[in-house]
Each structure stands twice: as structure tokens, then as C-alpha cells.
Amino acid sequence: MNIRKALALLLVMAVWPMGYAQDIPVSYSLGENNSDRYKFSTVLSIDKASSGETVLVRTYYGGFPLKPKGHFIEVYNADMTLKSDYNYKYAGKHMVDGFVKNGQLYLLELVYDYDAQVYEYKAHQSPLDDFNFSERVLLSVPSKEVLNPLAVSKYNRKFGNGFSTATHFNDDKSAFAITVHHRKGKNEQYKIYLFGTDLTPHLKYDFSEQIVDKNYAFENIATSKDMKTLYFMGKAFFKKRRFDAKERKYQYELLKITNAGHTSQEFTDEGRFPESLKPILVDDKLVSVGFYADRKDNRYNGLAYFELHPNTLAVQTKKYNPFSKQFMDDKFGREVDATIKNLIFKDVHITPSKDIVFSAEEYFVTEGEHFDGDTRRIVDRFHYNDIVCAKLNAQGDMEWARNINKSEVTQGDAAYASYSAHGFGNDMYFFINSGENPQTIGENRILFKQGYSRNPNMFVIKIDGDGGLSYKKLIDDKEVRLPIMVSRPFVDKASDDLLFYAKRGSKKQLIRVQIGVEGSTPSK
């Protein structure tokens with residue numbers, strides 16, 4: 001490297017972080033640092049009551065090997081002060097989620113009743129002002145017990161174990177849909193249910209006739225405001241059809257389901273392979289956005305947009321927007337024949353002018369070896385890499401697409417990895433954990449690397465309405481000495497606040513991040 005190039009590189013490394021730390025109106029405040037009796041725990045849910053109190057539910061573990069022992073519930077007031085807690089000494093084998101509605105805390109569980117030989121979705125319910133749990137069975141399905149009844153993998157779906165089920169919440173968490181796929185011999189059934197988060201049943205639909213030729217793995221939902229219509233997007237895997245080398249064994253389909261029946265729309269343009277599609281209701285418009293590939297191996301080439309008739313699902317507008325040169329430079333620099341794949345849809349924001357800004361993350365799983373003394377075992381390693389953010393205008397044309405280079409891998413609690421996002425006006429904000437400083441990787445590109453295990457630095461990244469990218473370190477390990485569960489905040493869209501939980505060992509702390517306000521408040 002000659003002297004001129006060396007000086008140029010030093011200039012980039014010196015100027016980039018400072019130039020990228022401007023004009024990010026985000027502040028934070030810290031709650032009190034509390035002691036905690038449960039060293040080993042994971043967050044099941046974090047939600048806010050109408051009174052303004054934050055309700056956090058953790059599953060705690062004990063014994064050797066570690067097993068769930070119960071659920072610890074914490075209630076914080078608006079100042080992030082711990083108001084009360086409660087030890088619900090019920091472990092549960094398949095706890096799905098938790099949520100707050102009408103002054104009640106609900107814990108949703110899938111449980112197997114050995115006496116009746118049925119799977120049950122059960123809600124554990126308690127008032128927040130006086131914890132006293134009762135149980136309610138939402139639905140039950142006769143079945144033999146299977147090893148893994150919860151269908152969670154999007155890339156390796158297995159339909160042959162006799163029973164599989166999944167739960168999908170809508171974006172504002174006002175409702176959840178449950179799918180149940182059950183097979184006994186040649187008798188195969190597929191049922192779809194929709195409940196409000198007050199546990200009111202809104203839809204029950206028998207989808208069994210449609211699974212004769214296909215298996216369905218749904219990924220995203222949208223619901224009408226009156227809860228009478230459910231839009232379900234997912235992959236339909238063909239069972240009996242023969243394929244040539246250029247075809248995939250599945251296609252994306254959108255279902256519209258009411259109590260009167262269903263309508264479907266297939267996304268099957270020749271030479272285009274949609275991926276990670278998500279249905280979105282924008283006022284009276286129904287659109288689906290996501291990615292597409294020009295070949296069947298999920299190597300994404302750009303962004304897909306479909307506008308559909310809300311009743312018939314007929315496609316009224318469709319657009320395929322190839323990734324821009326700026327995006328490819330963001331991600332790969334000058335690398336030739338590089339590919340983008342395995343994108344998982346994460347977040348969507350509708351701007352005041354009805355443009356759509358959405359983000360996705362590169363996610364995949366690998367196997368590795370772990371040694372305990374002389375014992376070798378195979379473990380799964382979960383990779384959370386680059387963030388893709390894109391903006392489509394109200395007509396479905398791509399305004400811009402940006403790539404945030406990131407590299408994380410974990411074998412443990414994924415709450416400390418990945419990211420969270422929030423839209424504010426025309427801008428998108430991303431919150432990630434990273435090492436002390438992003439790594440410069442040339443071509444005016446930077447890489448945020450894993451740092452949540454020892455260096456709990458939280459960075460905020462802003463992409464403005466024109467696609468301009470900036471970032472700054474928001475919180476460092478001198479201020480918060482606990483790793484932050486960066487991908488599991490409670491997001492209050494009404495106030496543009498995000499509430500994060502920080503936890504390690506016997507210490508815990510809440511952190512409030514407010515968008516649109518600069519400055520910070522020291523810890524209590």
C-alpha cells in the first residue's frame with residue numbers, strides 16, 4: 001500500500017465514526033439496578049398495561065441439566081421502579097407467549113393431557129393487581145404425543161410427525177392465529193383459529209380439503225380491524241407434483257379467511273421466486289411486500305411488491321425492483337458474483353405519506369462441536385448477520401435499499417443478539433449490540449461485530465427518508481454494566497419509546513430509549 005492510500009484509509013477510519021454520529025435525536029434513561037434471585041432465566045414476554053405499568057415475564061431454570069422451574073413476573077411503574085413481583089411456580093413444557101389485556105396477564109401454553117390423549121392450548125390468566133392464576137382451555141386436539149409439536153423452522157419444515165402447530169400474532173399484538181396440522185393414518189386435518197388477545201374467539205376454519213395436494217407453512221398474518229377477516233401468508237409445499245431442475249417444491253400463497261370461506265392467491269410469475277412475503281393493510285389497501293430471486297435457490301435479486309384487491313385477492317399491481325448498485329456496494333464492496341440469501345422479515349413502518357419501509361435480517365443455522373471434558377456433542381449455532389432495509393413508495397417503486405453489515409452468532413439466549421427497529425416519521429432506527437467500535441472493512445464500509453457477551457455497547461443506527469445512514473454509540477459498558485436484551489424490547493408506538501431489559505447473573509435493570517429527544521439520564 002503506498003503512502004497516499006495509507007493516509008486515505010486512516011482518514012476514513014478517523015472521520016467515518018464522527019461524521020456518522022450526527023443528527024440522531026435519541027435519548028435514554030436508566031431504571032434502578034436491582035438484585036435478582038434467578039441467575040438462569042429467559043424473557044417470555046414484555047408488555048404494557050393500560051395503566052402505564054410494564055409487565056415482564058421470565059421463565060427461570062434450575063437443576064442439572066437446567067430445566068424450567070417456573071415463571072417470575074415483574075411489574076414496573078412508569079419510572080421503571082420495580083413495583084411488585086410474583087413467583088408463578090408453574091414451569092410448563094411448551095410456553096408460547098405472554099400478553100396483557102384489560103388488566104389481565106395471560107400466559108399461552110401448549111400442553112399434552114396424557115389422560116385424555118389430547119393437545120391443548122391453555123391460557124393461564126391472572127389480574128395484575130392481585131396475582132391469582134386460573135386456567136382456561138382454548139382448544140384441544142386428539143393426538144398421540146410427538147417430540148416437537150411446535151412448528152417453528154421456516155427452512156426445514158417437517159409435516160410427517162403426526163401433529164404440528166404454530167402461533168402467529170399480528171403486528172399490534174391485538175390478535176393471534178393458531179394453525180393445527182394433525183394426521184392419523186390417512187386421515188389428515190388442518191384447522192385455523194383466530195383469537196383476540198382478550199381470548200375472544202373470532203374465527204374457526206377447517207382447511208383440511210386444501211392440504212390434499214399441498215402442505216402449508218404459514219409465516220405472517222394481517223387482520224381486519226373487526227377481526228372478521230384473516231390474511232395468512234406462507235409457503236405451500238407440493239406433495240405429489242414432479243419438478244424439473246429449475247422449479248422449487250413450494251410457492252408463496254396468500255389466504256383470505258372468513259367464517260364464510262376462504263380465497264387464495266398464488267405468487268407464481270415465471271422466472272420470479274418471491275421470498276419472505278408479508279401482507280400489510282394500509283388503510284383500505286392490501287399489499288404484500290418482500291423479496292424475490294431470479295433462480296430457485298433463494299439468492300435474492302431485489303424487492304417484490306403486490307397490490308391486491310382486499311376481497312378477491314386479485315393482483316392489481318405487481319413490481320419487481322432489482323437491488324441498486326448502492327445496496328450491492330454497501331454489502332459487498334467490489335466483490336463480484338456475491339449473493340444475498342436467507343432473509344427473515346422483521347419489521348415494517350408506514351410513513352406519513354404511506355410509503356413502506358421494511359427490514360429483514362440474514363439468518364441461518366449451522367452445526368458445530370462442543371466439548372464437555374471428554375464428551376463431544378453437536379450443537380446448533382444461530383447466525384444473525386446483515387440487516388437489509390428498503391423503502392418502497394406508495395405506488396410500490398423502490399426509493400432505496402441499504403445494507404447494514406453485522407455479524408453475530410449465538411448458541412444461547414437469542415435475546416441479546418439480532419436487533420430491534422422502530423419507524424419515526426420518515427426515518428428508521430435500529431438498535432444493536434456491538435463491540436467497542438465498528439470495524440472498517442474498506443470501500444467506506446463498516447461492520448458491527450458481536451459484542452454483547454462482554455461489551456454491552458448499544459448502538460443506534462438511523463436511516464433517513466432519503467436512505468442516508470448514520471450511527472452512534474448510545475450506551476456503553478461504563479454506564480450499563482449488564483448486557484442488554486436488544487431484540488426483545490417493548491415498543492410503545494404511541495410515545496415512540498422502547499423499553500429494554502438488561503440482565504446478567506443476579507443483577508437486572510430496565511432501560512428506556514426515546515426517539516425524537518436528545519440527551520440522557522444517569523442511572524438511579
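Small disclaimer: the values here were computed from a predicted structure and weren't measured.

S.K.: Sorry if this is basic, but what is going on with the overall build of the protein chain here?
M.R.: Along the backbone of the protein chain there are two helices and 37 strands. In the protein chain, which comprises 524 residues, the proportion classed as buried is 55%. Carbon and sulfur atoms make up 47% of the accessible area of the protein chain, which totals about 24,500 Å².

S.K.: It is not clear to me how the pairing of strand β28 (residues 420-424) should be interpreted in this structure. Could you clarify?
M.R.: Two faces make up the sheet, and in a regular strand the side chains alternate between them. Extensive coverage of β28 is indicated by the burial of four of its five residues. As paired elements, β28 and strand β29 (residues 427-434) share five bridges and run antiparallel to each other. Across the sheet, the residue bridging to S420 is F431, located in β29. Connecting β28 to the antiparallel partner β29 that follows it, the hairpin turn spans two residues, and G425 within it adopts a positive phi of roughly 65°.

S.K.: Would you mind going over the side chain of K406 with me for this structure?
M.R.: Turning to its location among the elements, K406 is positioned in strand β27 (residues 406-410). Separated by 2.8 Å, the side chains of K406 and E361 make a polar contact. Polar contacts involving the side chain of K406 include one to the main-chain carbonyl oxygen of N385, which spans 3.2 Å. Discounting chain neighbours no more than four positions away, the residues touching K406 are E361, Y384, N385, D386, I387, S418, I432, L447 and F448.

S.K.: Mind showing me how you'd approach the packing of aromatic side chains here?
M.R.: What characterises a pair of aromatic rings is the spacing of the ring centres plus the angle enclosed by the ring planes. Under the definition given, this model contains 36 aromatic pairs. Measuring from centroid to centroid gives 5.5 Å for F345 and F358, while their planes differ by 10°, and the two rings are stacked. Of this pair, F345 sits in strand β23 (residues 343-350) while F358 sits in strand β24 (residues 356-372), and the two are 13 residues apart along the sequence. Given a relative accessible area of 10%, F345 falls into the buried group. Chaining the aromatic ring pairs together yields one cluster made of Y86, Y88, Y90, F131 and F133.

S.K.: Would you mind going over the nonpolar core with me for this structure?
M.R.: Across soluble globular proteins, nonpolar side chains show a tendency to be buried alongside one another. One finds V289, F291, L303, I356 and F358 to be the most contacted residues of the largest nonpolar core, which totals 23 residues. Counting residues per element, the ones that place at least two in this core are β19 (273-282), β20 (285-293), β21 (300-308), β23, β24, β25 (375-392) and β26 (398-404). Considering every element that reaches this core, the biggest residue donor is β20, with four residues. Core analysis: the next-biggest nonpolar cluster, separate from the first, contains 21 residues, F99, L108, I178 and L199 among them.

S.K.: Even after reading the chapter, I still don't get the confidence of the model for the protein chain, so can you show me in this structure?
M.R.: Low-pLDDT portions of the prediction should not be read for the details of their coordinates. Looking at the protein chain as a whole, the pLDDT averages 86, with 86% of positions reaching at least 70. Considering only residues more than four positions removed or in separate chains, one finds that residues 1-20, a stretch of pLDDT under 50, has 16 contacts.

S.K.: Even after reading the chapter, I still don't get the sheet that holds β29, so can you show me in this structure?
M.R.: The strands making up a sheet associate through backbone hydrogen bonding, with each pair oriented either parallel or antiparallel. Within the open sheet, the four strands sit side by side as β28-β29-β32-β33. Their pairing is antiparallel. Two strands bound the open sheet, and with one partner strand each, they are β28 and β33 (469-475). Each adjacent strand pair in this sheet contributes to an overall mean axis angle of 25°, direction not counted. Bridge analysis of β29 against strand β32 (residues 457-463) gives seven bridges, and the strand direction is antiparallel. Counterpart to I432 in the pairing with β32 is F459.

S.K.: Would you mind showing me how to read unusual backbone geometry here?
M.R.: The phi torsion of most residues other than glycine is negative, and most of the peptide bonds are trans. Omega for the peptide link from F64 to P65 comes to 0°, which places this bond in the cis form. Within the secondary structure, P65 is located in the loop between β4 (54-62) and β5 (67-76). In this structure, L313 takes a positive phi of about 65° despite not being glycine. You can see L313 is positioned in the loop between β21 and β22 (315-322). In this structure, D496 is a non-glycine residue whose phi angle is positive, near 60°. Secondary-structure assignment places D496 in the loop between β34 (490-492) and β35 (497-504).

S.K.: Explain the sheet that holds β22 to me, please; I cannot follow it from the model alone.
M.R.: Strand order across the open sheet formed by four strands is β19-β20-β21-β22, with antiparallel pairing between neighbours. What marks the edges here is a single partner per strand, and that holds for β19 and β22. This sheet shows a mean twist of 20° between the axes of neighbouring strands, independent of strand direction. Both β20 and β21 contribute to a ladder of eight bridges, which runs antiparallel. In the strand pairing of β21, F291 is matched with L303.

S.K.: Quick question: what am I supposed to make of the pairing of strand β12 (residues 175-184) here?
M.R.: Among the ten residues of β12, eight are classified as buried, and the element is accordingly described as predominantly covered. Examined bridge by bridge, strand β11 (residues 163-169) and β12 share seven bridges and lie antiparallel to one another. Pairing of A166 across the sheet is with T179, part of β12. A loop of five residues connects β11 with β12, the two strands running antiparallel in sequence, and K173 in this loop sits at a positive phi of about 55°. As paired elements, β12 and strand β13 (residues 187-196) share ten bridges and run antiparallel to each other. For V180, the partnering residue across the bridge sits in β13 and is K191. Linking β12 back to β13 in an antiparallel pair, the connection comprises two residues, with G185 at a positive phi of about 65°.

Rules used in this analysis
Residues numbered from 1 in each chain as written. Predicted model: local features only at pLDDT ≥ 70, side-chain atom pairs only at ≥ 80, totals over all residues. Heavy atoms only, no water. Helix = DSSP H or I, 4+ residues; strand = E, 2+ residues; numbered from the N terminus. Buried < 20%, exposed > 50% of the residue type's maximum accessible area, 1.4 Å probe, protein only. Areas by Shrake-Rupley, 256 points an atom, 1.4 Å probe, with all protein chains shown as cover. Pairing = 2+ DSSP bridges. Polar contact = N/O pair within 3.5 Å; in protein donor to acceptor, adjacent residues only side chain to side chain. Contact = heavy atoms within 4.5 Å. Phe/Tyr/Trp six-rings, centres within 6.5 Å; stacked < 30°, edge-to-face > 60°. Core = buried A, V, L, I, M, F, W, Y, C linked by side-chain atoms within 4.5 Å. pLDDT = per-residue confidence, 0-100. Axes fitted to C-alpha atoms, helices over the stretch in contact; angles between N-to-C directions.

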